[in-house]
Amino acid sequence: MRHAGRRIAAAVGATAALLLIGVSPALAAVPAPSAASGTVAAPATPDPRATPDAPGASVTPSATPTATPPAPATDGVRFGPELDWGDDGPDGYRTRLGETPAMYSVRLSYPLDARSISEWQHAALQVAGQGASLVLTLEPSAELETLTDADAAELTMRLERYHSQYGTEQFVRFAPEMNGSWVSWGQQPTAYVAAFDDVAAAVHAGTSGAEMVWSPSYGAGYPFERADGRLDAITVRDRVAIDTDGDGLFTEADDPYGPYFPDADSVDRVGLSLYYFGKGEAAAAAGRDVPLEENAAPEDGEVAARLDERWGYTTGQRSSFYDRFAVGQGKQLLLDTGALYDFGREGDSELAVKRGWWTQMLAELGDHPLITGITWLEVVREEAEAGGREVDWRATANGELATALRDDLLSTGLIRWGPVSDVVTPEQGVAATVQVRQGGADPNEEMNWITGSAAVLAVAFLASGIIGRALPKWRYDDTSASRDLRIDMVRGFIIVVVVVTHIEVTSPFAYASLKAIGAITGAELFVLLSGIVLGMVFPAAVARAGEWGAAVAAWGRARKQYLVALAVILLVFAIGFLPFVDASAVTTFTDRGTGEGGSGDSGRVYDLYPNGERLLDYPPPWYAVRQFLLLEMGPWPFNIMGLFVVLSLAYPALMWLIKRRLWWLVLALSWGVYVLHGIAPDVLRLPSQFDAVFPLALWQVLFTHGLVIGYYRRRIIRALTSLPGKIGVGVFVVGYAGILVYLWAGQTYGFTPVPFPADLYAGLYDSGYQRIFLEWGRLLDLPLVLVCTYAVLTVAWKPIEKSMGWLWIPLGQASLYVFIVHVFFVLAVANIPGLDRGSFWQGTLIHAAVIGIIFVMVRKRFLFTVIPR
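Values in this document were obtained by computation on a predicted structure and should not be read as measured data. (Residues numbered from 1 in each chain as written. Predicted model: local features only at pLDDT ≥ 70, side-chain atom pairs only at ≥ 80, totals over all residues. Heavy atoms only, no water.)

Draft legend 1. Inspection of the nonpolar core at higher detail. Core analysis: the biggest nonpolar cluster contains 198 residues, and Trp120, Leu155, Phe174, Tyr192 and Trp214 have the highest contact counts within it. Of the residues forming this core, the biggest block, 22 residues, is contributed by helix α17 (residues 522-575). Discounting residues that sit within four places of it in the chain, Trp120 has contacts with Leu108, Leu112, Leu134, Leu136, Leu155, Arg158, Leu159, Tyr162 and Gln170. One finds Met447, Ile450, Phe461 and Ala791 within the second-largest nonpolar core, a separate group that totals 18 residues. (Core = buried A, V, L, I, M, F, W, Y, C linked by side-chain atoms within 4.5 Å. Buried < 20%, exposed > 50% of the residue type's maximum accessible area, 1.4 Å probe, protein only. Helix = DSSP H or I, 4+ residues; strand = E, 2+ residues; numbered from the N terminus. Contact = heavy atoms within 4.5 Å.)

Draft legend 2. Fine view of the pairing of strand β4 (residues 170-174). Within β4, five of the five residues are buried, leaving the element largely enclosed by the surrounding structure. Burial along β4 is two-sided: the face carrying Gln170, Val172 and Phe174 and the face carrying Phe171 and Arg173 are both buried. Both strand β3 (residues 133-140) and β4 contribute to a ladder of five bridges, which runs parallel. If you follow Leu138 over to β4, its bridge partner there is Phe174. One crossover worth recording links β3 to the parallel β4 by way of helix α5 (residues 149-166), and it is right-handed. The pairing of β4 with strand β5 (residues 211-214) spans three bridges and is parallel. Directly across from Phe171, in β5, lies its bridge partner Glu211. (Pairing = 2+ DSSP bridges. Right-handed = clockwise from strand over helix to strand, strands pointing away.)

Draft legend 3. Geometry of a nonpolar patch on the surface. Together, Trp548, Val552, Trp555 and Leu649 make up an exposed nonpolar region whose accessible area comes to about 440 Å². When residues in the nonpolar patch are grouped by element, the largest group, three residues, is from α17. Relative to the assigned elements, Trp555 resides in helix α17. What makes Trp555 partly exposed here is its relative accessible area of 34%. (Patch = residues over 30% accessible without salt bridge, like charges linked within 9 Å, V, L, I, M, F, W, Y side chains within 5 Å. Areas by Shrake-Rupley, 256 points an atom, 1.4 Å probe, with all protein chains shown as cover. Salt bridge = Lys/Arg side-chain N within 4 Å of Asp/Glu carboxyl O.)

Draft legend 4. Broad picture of the side chain of Gln170. With respect to the secondary-structure elements, Gln170 resides in strand β4. For Gln170, a relative accessible area of 3% translates into the label buried. Among the polar contacts made by the side chain of Gln170, one reaches the side chain of Trp120 at a distance of 3.5 Å. (Polar contact = N/O pair within 3.5 Å; in protein donor to acceptor, adjacent residues only side chain to side chain.)

Draft legend 5. Region of interest: the pairing of strand β10 (residues 389-392). Examined bridge by bridge, strand β9 (residues 380-383) and β10 share four bridges and lie antiparallel to one another. Counterpart to Val380 in the pairing with β10 is Asp392. Adjacent in sequence and paired antiparallel, β9 and β10 are bridged by five residues, among which Gly387 carries a positive phi angle near 70°.

Draft legend 6. Highlighting the packing of aromatic side chains. Tallied over the full model, the rule gives 43 aromatic pairs. On the numbers, 6.2 Å between centres and 65° between planes, the contact of Trp85 with Tyr104 is edge-to-face. Here the residue Trp85 occupies a position in the loop between β1 (77-83) and α3 (90-97), and Tyr104 occupies one in strand β2 (residues 103-110), the gap between them amounting to 19 residues. A centroid spacing of 5.1 Å and a plane angle of 65° characterise the contact between Trp120 and Tyr162, whose relative ring orientation is edge-to-face. Remark: Tyr162 occurs in helix α5 and Trp120 occurs in helix α4 (residues 114-128); sequence separation between them is 42 residues. Both residues of the pair, Trp120 and Tyr162, count as buried. (Phe/Tyr/Trp six-rings, centres within 6.5 Å; stacked < 30°, edge-to-face > 60°.)

Draft legend 7. Structural context of helix α14 (residues 443-470). When the terminal C-alpha atoms of α14 are compared, their 40 Å separation across 28 residues agrees well with the 40 Å that a helix rising 1.5 Å per residue should span. The set of residues buried in α14 consists of Glu446, Met447, Ile450, Thr451, Ser453, Ala454, Ala458, Phe461, Ser464 and Gly468. (Expected span 1.5 Å × (residues − 1).)

Draft legend 8. Geometry of the layout of surface pockets. When its volume is computed, the second largest pocket comes out at roughly 1,300 Å³. Going through the elements one at a time, α14, α15 (485-502), α17, α22 (696-711), α23 (713-721), α24 (723-749) and α26 (776-795) are the ones with two or more residues in the lining of the second largest pocket. By residue number, the principal contributor to the lining of the second largest pocket is α26, which donates nine residues. Across the lining of the second largest pocket, the residue classes break down as 26 nonpolar, eight polar and six charged. (1 Å grid on protein atoms, 1.4 Å probe; cavity = no way out; pocket = protein on both sides within 12 Å on 5 of 7 lines; lining within 4 Å. Points joined across faces, edges and corners; volume = space filled by probe spheres on them. Nonpolar A, V, L, I, M, F, W, Y, C, P; charged D, E, K, R; others polar.)

Put into structure tokens, the structure is as follows:
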């Protein structure tokens, strides 16, 4: 309804349009156009992108609005840069400035194409990491009349998506500087107003909460025909709209803003481009055709004069832009600004030029409370106003500039720093990858499955005693001192579970993998069994090379793991640049709403390669190199690799203590670290990606116990197979499973499981069994699974080995190799055209094919000399 007036007027015809379009709310009615309206005057007026840099003939406005100005925003003035997103990023800018900006700006082509969508998503991901607002400067790449409702709908959909994913505040600065002649959409008021209103209608009808920003360029020098001659080709209707004084000429006497102002309801904020080009002393010497001769600091009071609409005009203005459109329309104002510097020219210093500009601008904030946002152009680029030379707009390019900018911003006491919305960090993204991947996690359903699994394991454990006596020929021949095929069998099963789980398609393999081992995931067994194997082989390694030689070999293995981890991170990153390959399947992660954040995070996309593109810079910035070297980036199916690197580095020292019978000290220290993490989780945090989901302070407890178990395996087996040991293990297995079943029965059949509370079972999952934490329930399930599985494999080895050993044992013996290569299979499956992940037959075929290919690779020892096993 709010745009009905505009559409009806457009349909009536040119005569009515002349009366309705182009008249500013702050200006009086203008006379009818003369017969000479087709004649274009050519006064010596400058391009506003090279706005006059000396007073020239400054004129005091002759009228001011009487509207009561609205109250200023209470959260301060937001400041931030417009970056060259191909060569810079938010983390780099924040590092240079020393503060977290509240907003960033990005330029996008409109209608949205593949490149602009990619750039937008890239910027949204990075800005979300700081909880900043995002200003979207949309630059039309097609004629304004050809922009469609479908284009606006696509924009609205993307605004809603990124707001939903990150909670980011977004400002749509549509076709800015539309009053200028240097942009393809410039000086076309009729088409521009219609296009702006249409985009605004779509955005406002959506749920993103995005605000529309109307942002012309500073008007001195208008209508700027000296620059491009655009006014020669405009329509009759636009001629009338632009000729606001009705004298038949286009001169500075015409209103530079009013003809382009859309429906007031379409505009949420107003904006103004206000750049400093530093050329010349008079208005007539400020155009593009006048070369920049030297770097000059701005004159005192220039910004104030511009905000009063006095700087560079040869014809008096009735009122300032600020008074007309900020105060008069009750809109907050977003300034787009910057000051250039040409290092190839003499004159004032860069600091004098740029600081001279921003200090004046900051000084005006108190007198202009509706200025609630400032974006500074932070790029190096060629400028026509500088004779086509490359100039530097950046305010943080060196430490002196950045420090001065930060100090001046802080000194105002008015700047609102970030975050201004939810901060979406890579650490949160990695933590989010540990979710129930099949959908929402119902605690009762999950607990029921855990209880059922415990009951089955207890029955299998009891049956193993009977089988062991009835069929002794099936037993495992346990004569090897350094190799236990039962452990290899379990490792093989676990690594298959990992592969199937990470390749997210529907199949019976997927269902079994997600449910087969109760409360624990494959990761717990993987870490524990790795410790057991290393503890078992250590004596043999010492016998071969001595204790020091064994330690050096272990550190060499850790080094190889680390280098392979770096190589995988780089390979996945590089593969993403191949045509028709979408690496985002592993370089980002989409929240299922089943992680720690719950359903409220559903759909949120996390960037797992923070500043990865900065590695392509020359030289790459240290913060990006540091993130790479510390494994702070990488594909989500691979994040546990960093944990193995750190544990492998600690392995020789731990075995040195264990070999000297100080196993009790190792375990005491291990549990001490575990408890400390529970009390103060941030004390022992590592920046590496893995620590967000596999905290070293927690997960090391599995590895250290594995080392002790592996080193003393024979003694532990003898103790557990003695009569007291069998009784103790039996009491644990049956007692633990029996209690869970008893609690389940009370919940199911409505009786109080005395002596336990009636509601105990309902809260068990949340208090001890959640998959995203290494809690007490999962720690209890781990020995249950290990003991029962080991017992069954011991007494029924031969039939199990014959049926599945051909697959599980070789994969288990090369489990680390399988884990490394499976990342590339996850990526490959994600790029299968037309894949229906919900299709049972497609998923079954894919899982079977991937497992089969990996099995062949292991049997052929493909790249065994390069990839650790």
